[in-house]
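Residues per chain, in single letters:
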Amino acid sequence: MPDVTAVAIDPGKLSDSRALRINTPTTIYYLSKFIIGPFGPLLRLIDPTMRTVAQAAVDVIDLAVNEAYQGERGYFISLKKDTSSPESNDERKQDLIWFKSLGWVGIKPEKLQRM
Amino acid sequence: MSGTVLITAANGSLAIPAVHYLLSTYANYHALLTVRDDSDADGNTRRLRAVLSCFPPGRASIWQLDHYYWNLVDEVELTTDGFDKTFQVSHLAHVALILDLLPSFRPHEGGRIILLSSDAHWPGKNALAKIDPGIPEDLDRLVKPPVAPEPLNDNFALGFQRYANAKLVMLMWMYALNRFLQKVRHIPDCRRSVAYSLTFCRKRKCRMSPR
């Protein structure tokens, strides 16, 4: 039976994302608007992880619904399974965060047993 | 395959092309889209509606729901719950939304939950990070970080660290979620859905109104 699985995807450095122009210092704002955005294609020659939102969007949706990724779990960089940081792989800390997060959002562990 | 794809922050710069690609490529899926401001006063929502106008009515619906947040210029902002806003919107909202929606996955069909991560979670990998992310001994410092600036007195550095910590926590929570899902393999209920991003509002419960 197919499972419900969770994946975290790093879509790359998004050269034309609006995020760098929201609640950011003026220097970052103008860097994003006048350098990173317009010169993204050139910057990608230096840093291949830099991508457009359109490119990253394809990866996110394919990972979400394409049959090729059914059953996948874990950490992805674009569409490649990868390893996240050492601390992020600490299972003891993961479990602490799991239970603490339930408390923060007001969900009792026994409610999960009814899911 | 067919089903429903839920995309939060659907009028974001990554989400809009994602919506277009989904509706163009996967014809059997319905898009359930959430945005902070679903009115036409929001320019980003207007752009999203412009994309949807290229597809038959009924392929997608827009709902109002709070979403992605960071602040790299001001000191810590708190929500009405008394939590750091970046952390609540970037992680806690995901937790509440995903766990609330788990019973909605169709039995025998599975589904996928996609969380947006970042290299910011890894110390030293993101050029914008001046202070390394990390899980504090006292986890409550994640939801209630010190309001007074550290000796560094740098709102950008502290703001980015809060964002990076949220990404690190969300990633670690994902691993724990997968272990939980593998233990609880039988998910009751009706429709498949995929949580895409993150968002939230008052009282740690999602309130959604269609438009």
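Just so you know, these numbers come straight off a predicted model, no measurement behind them.

## Considering the overall build of chain A
Within chain A, the regular secondary structure consists of five helices and five strands. Across chain A, helices and strands are ordered from the amino to the carboxyl terminus as β-β-α-α-β-α-β-β-α-α. Taken over the C-alpha trace, chain A has a radius of gyration of 18 Å; the compact-globule value for 115 residues is 13 Å, which it surpasses by more than 25%. With respect to the three principal axes, the spread of C-alpha positions in chain A is 50 × 35 × 25 Å. Buried residues in chain A amount to 47% of all 115 residues. Of the roughly 5800 Å² of accessible surface on chain A, 59% is carried by carbon and sulfur atoms. Distance between charge centres in chain A, computed from 15 positive and 14 negative side chains, equals 8 Å.

## What about helix α1 (residues 15-25) of chain B?
Along α1 of chain B, the residues that are buried comprise Ala15, Ile16, Ala18, Val19, Leu22 and Leu23 of chain B. Mapping the buried residues of α1 of chain B onto a view down its axis gives an arc of 160°, with all of them on the same face. On its buried face, α1 of chain B is in contact with α3 (53-65) of chain A together with β1 (3-7), β2 (29-35), α2 (43-52) and β3 (60-64) of chain B.

## Observations regarding the interface of chain A and chain B
Taken residue by residue, the interface counts 67 residues in chain A and 78 residues in chain B. Surface buried jointly by chain A and chain B totals about 6300 Å² across both partners, of which 66% is contributed by carbon and sulfur atoms. For the interface between chain A and chain B, the tally reads four salt bridges. As a salt-bridge pair, arginine 179 of chain B and glutamate 91 of chain A come within 4.0 Å of each other at their nearest N and O atoms.

## A closer look at the pairing of β2 of chain B
A regular strand places its side chains on the two faces of the sheet in alternate fashion. Residue and element names in this part refer to chain B. The element β2 is extensively covered by neighbouring structure, given that five of its seven residues are classed as buried. Sheet analysis places β1 next to β2, joined by five bridges and oriented parallel. In the strand pairing of β2, valine 5 is matched with alanine 31. One crossover worth recording links β1 to the parallel β2 by way of α1, and it is right-handed. Here five bridges tie β2 to β3, and the two strands are oriented parallel to one another.

## Let's talk about the side chain of arginine 73 of chain A
Assignment of secondary structure puts arginine 73 of chain A in the loop between α3 and β4 (74-77). Polar side-chain contacts of arginine 73 of chain A include one of 3.0 Å to the side chain of aspartate 3 of chain A. Once residues lying within four places of it in the same chain are set aside, the contact partners of arginine 73 of chain A are Asp3, Thr5, Ala6, Val7 and Lys81 of chain A together with Asn178 and Gln182 of chain B.

## A word on the side chain of asparagine 11 of chain B
Position of asparagine 11 of chain B relative to the elements: it lies in the loop between β1 and α1. Only 3.0 Å separates the side chain of asparagine 11 of chain B from the side chain of threonine 45 of chain B, close enough to count as a polar contact.

## What to know about unusual backbone geometry
Unusually for a residue other than glycine, serine 78 of chain A sits at a positive phi of about 50°. Here serine 78 of chain A lies in the loop between β4 and β5 (80-81). The exposure class of serine 78 of chain A is buried, given its relative accessible area of 17%. Its identity is not glycine, yet alanine 9 of chain B carries a phi of approximately 50°, on the positive side. You can see alanine 9 of chain B is positioned in the loop between β1 and α1.

Rules of the game
Residues numbered from 1 in each chain as written. Chains lettered and ligands numbered in written order. Predicted model: local features only at pLDDT ≥ 70, side-chain atom pairs only at ≥ 80, totals over all residues. Heavy atoms only, no water. Helix = DSSP H or I, 4+ residues; strand = E, 2+ residues; numbered from the N terminus. Rg over C-alpha atoms; globule rule 2.2 N^0.38 Å. Buried < 20%, exposed > 50% of the residue type's maximum accessible area, 1.4 Å probe, protein only. Areas by Shrake-Rupley, 256 points an atom, 1.4 Å probe, with all protein chains shown as cover. Lys, Arg positive; Asp, Glu negative; His and termini not counted. Charge placed at Lys NZ, Arg CZ, Asp CG, Glu CD. Arc of directions from axis to C-beta. Contact = heavy atoms within 4.5 Å. Buried area = accessible area lost by both parts, 1.4 Å probe. Salt bridge = Lys/Arg side-chain N within 4 Å of Asp/Glu carboxyl O. Pairing = 2+ DSSP bridges. Right-handed = clockwise from strand over helix to strand, strands pointing away. Polar contact = N/O pair within 3.5 Å; in protein donor to acceptor, adjacent residues only side chain to side chain.

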